[in-house]
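Each chain, letter by letter, is given below.
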Amino acid sequence: MAPPDALDRIHLLRALSAEQRAAVVRQCRWRRFGLDEQLIDHWAETSDVAFIVEGRVRVLSHSAGGREISFDDIEAGEFVGEMSALDGRPRSASVVALREGTLIAFLGPRPFQDLVAGHPSLAMAMLLRLSGKLRVATDRIMELSTLGANNRVHAELLRLAKRGRIEGKISVIAPIPVHSDIAARVSTTRETVARVLSDLSRDGLVERRPDALVVRDVSRLETMVEDVRGSV
């Protein structure tokens, strides 16, 4: 049995009282997953929400030819699976654990719907989350339709930089993003990603450290991306 405070770090649930979060804890099904173990299967008829309590997960799919398409990496404190919990339709993507021992709390669709419907602050948070997903999807569609591979890598690096640790004008991205992961997100090859990062390093915009990738001037990178977007 998980302790009553096991969901205290889930951002969506912070608006609840400690007693209300403890009640949610009791409604959840808890499980740990190994590295690369699948917790949600694409097209599956399951509809639980998965709260990421410990570890990290990746949302992905595969093309008909077997090529992996990566959508996002989700950190502890967040959740996945809300779309199927809300609309009852099959899963739109797979989710796999990126760390050994990833701890997931699964909440059934009906308790999740009751939770959101009963707390306006949670409902607003869900609306903002879904709005953010739609904006990101729109940006990615535009990039795939209008930008070359090099520029798509720049745009993905900018997204990672904005989510990294900001220190003045620089951003520290840790852990270091894997070339194949970036390639899967922007529909290109690992070789292209390696070449683009090498060019940025030679220009002094990117620095590779033992444990992190550093963007030395986020605003300069953003200007590069926006200049290309504005010219297409």
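About the thresholds
Along each chain, residues carry numbers from 1 onward, in the same order as the chain's sequence is written. The model is predicted, so local features are restricted to residues of pLDDT at least 70 and side-chain atom pairs to those at 80 or more, both for listing and for counting; the totals for chains, interfaces and linings are taken over all residues. As a rule here, side-chain values cover all heavy atoms of the structure and leave hydrogens and water aside. By the convention used here, strands pair only if DSSP detects at least 2 bridges between them. Secondary structure elements follow DSSP: runs of H or I of four or more residues count as helices, runs of E of two or more count as strands, with numbering from the N terminus. For every element, the axis is a line fit to its C-alpha atoms; helices are fit only across the contacting stretch, and the angle between N-to-C directions ranges from 0 to 180 degrees. By definition here, a salt bridge exists when the distance from a side-chain nitrogen of Lys or Arg to a carboxyl oxygen of Asp or Glu is within 4 Å. Using a 1.4 Å probe on the protein chains alone, a residue whose accessible area is under 20% of its type maximum counts as buried, one over 50% counts as exposed, and one in between counts as partly exposed. UniProt positions are given in the numbering used here, feature names are shortened, and annotations may be inferred rather than shown by experiment. What the arc covers is the set of directions going from the helix axis to the C-beta atoms. Contact definition: two residues touch when any of their heavy atoms are within 4.5 Å. By the definition adopted for this analysis, an angle is roughly parallel if under 35 degrees, roughly antiparallel if over 145, roughly perpendicular if from 65 to 115, and oblique otherwise. The residue classification treats Ala, Val, Leu, Ile, Met, Phe, Trp, Tyr, Cys and Pro as nonpolar and Asp, Glu, Lys and Arg as charged. All others, Gly included, are polar.

Visitor: For this particular structure, what's the right way to read the sheet that holds strand β6 (residues 79-80)?
Guide: As a general point, the strands of a sheet are linked pairwise by backbone hydrogen bonds and lie either parallel or antiparallel. The strand order β1-β8-β3-β6 describes an open sheet built from four strands, whose pairing is antiparallel. Here the strands that pair on one side only, and so sit at the sheet edges, are β1 (29-33) and β6. As paired strands, strand β3 (residues 49-54) and strand β8 (residues 102-107) are joined by five bridges and run antiparallel to one another. Bridge pairing links V49 to L107 in β8.

Visitor: Could you clarify how one ought to interpret the sheet that holds strand β2 (residues 38-40) in this entry?
Guide: Overall, antiparallel pairing links the four strands, which are arranged β2-β7-β4-β5 in an open sheet. Either end of the sheet is taken by a strand with one partner, and the two such strands are β2 and β5 (68-75). Geometrically, the sheet is characterised by an average inter-axis angle of 30 degrees between neighbouring strands, direction not taken into account. Strand direction decides the pairing type here: strand β4 (residues 56-62) and β5, joined by seven bridges, are antiparallel. Residue pairing for β5: L60 is matched across the bridge by S70.

Visitor: Before we go on, may I ask you to explain the pattern of salt bridges in this structure?
Guide: Where side chains of opposite charge bring their charged atoms close, a pairing between them can arise. In this structure the tally under the stated criterion is 24 salt bridges. In this structure, the salt-bridge partner of R129 is E78, at a minimum N-O distance of 3.7 Å. Taken together, the residues span a long stretch of sequence, with R129 in helix α4 (residues 120-146) and E78 in the loop between β5 and β6 at a distance of 51 residues. Between E167 and R165 there is a salt bridge, with its nearest N and O atoms 2.9 Å apart. Residue classification places E167 among the partly exposed positions, given a relative accessible area of 38%.

Visitor: I would appreciate a short explanation of the UniProt feature "domain: HTH crp-type" (unreviewed entry) in the protein in the present structure.
Guide: Under the feature "domain: HTH crp-type" (unreviewed entry), the UniProt entry names residues 147-219. A helix fraction of 52% and a strand fraction of 18% characterise residues 147-219, whose end C-alpha atoms lie 20 Å from each other.

Visitor: I would appreciate a short explanation of helix α1 (residues 18-27) in the present structure.
Guide: Every α-helix carries 3.6 residues per turn, so stepping three or four residues along brings you back to the same face. Turning to α1, its buried residues are R21, A22, V24 and V25. One side of α1 carries all its buried residues, which in axial view fall inside an arc of 155 degrees. In α1, the exposed positions that point more than 90 degrees away from the buried face belong to E19 and R26. Where the residues of α1 are buried, they touch β1, β8 and α3 (109-118).

Visitor: Looking at this model, I keep getting lost on the packing of α4 against helix α5 (residues 149-163). Mind explaining?
Guide: Two numbers describe a pair of packed helices, the interaxial angle and the distance between the axes. Put simply, α4 and α5 touch, their axes get as near as 10 Å, and they point 160 degrees apart. Relative to α5, α4 is oriented roughly antiparallel. Note on element contacts: α5 touches α4 through R152, A155, E156 and R159, opposite D139, R140, E143 and L144. Among the residues making up the contact of α4 with α5, the classes are represented as two nonpolar, no polar and six charged.

Visitor: Looking at this structure, how should I read unusual backbone geometry?
Guide: Only a minority of non-glycine residues have a phi that is not negative, and only a minority of peptide bonds are not trans. For the bond running from A174 to P175, omega is -5 degrees, close enough to zero to count as cis. Within the fold, P175 resides in the loop between β10 (170-173) and α6 (179-186). Its identity as a non-glycine residue notwithstanding, W43 has a phi of 75 degrees, on the positive side. Along the polypeptide, W43 turns up in the loop between β2 and β3.

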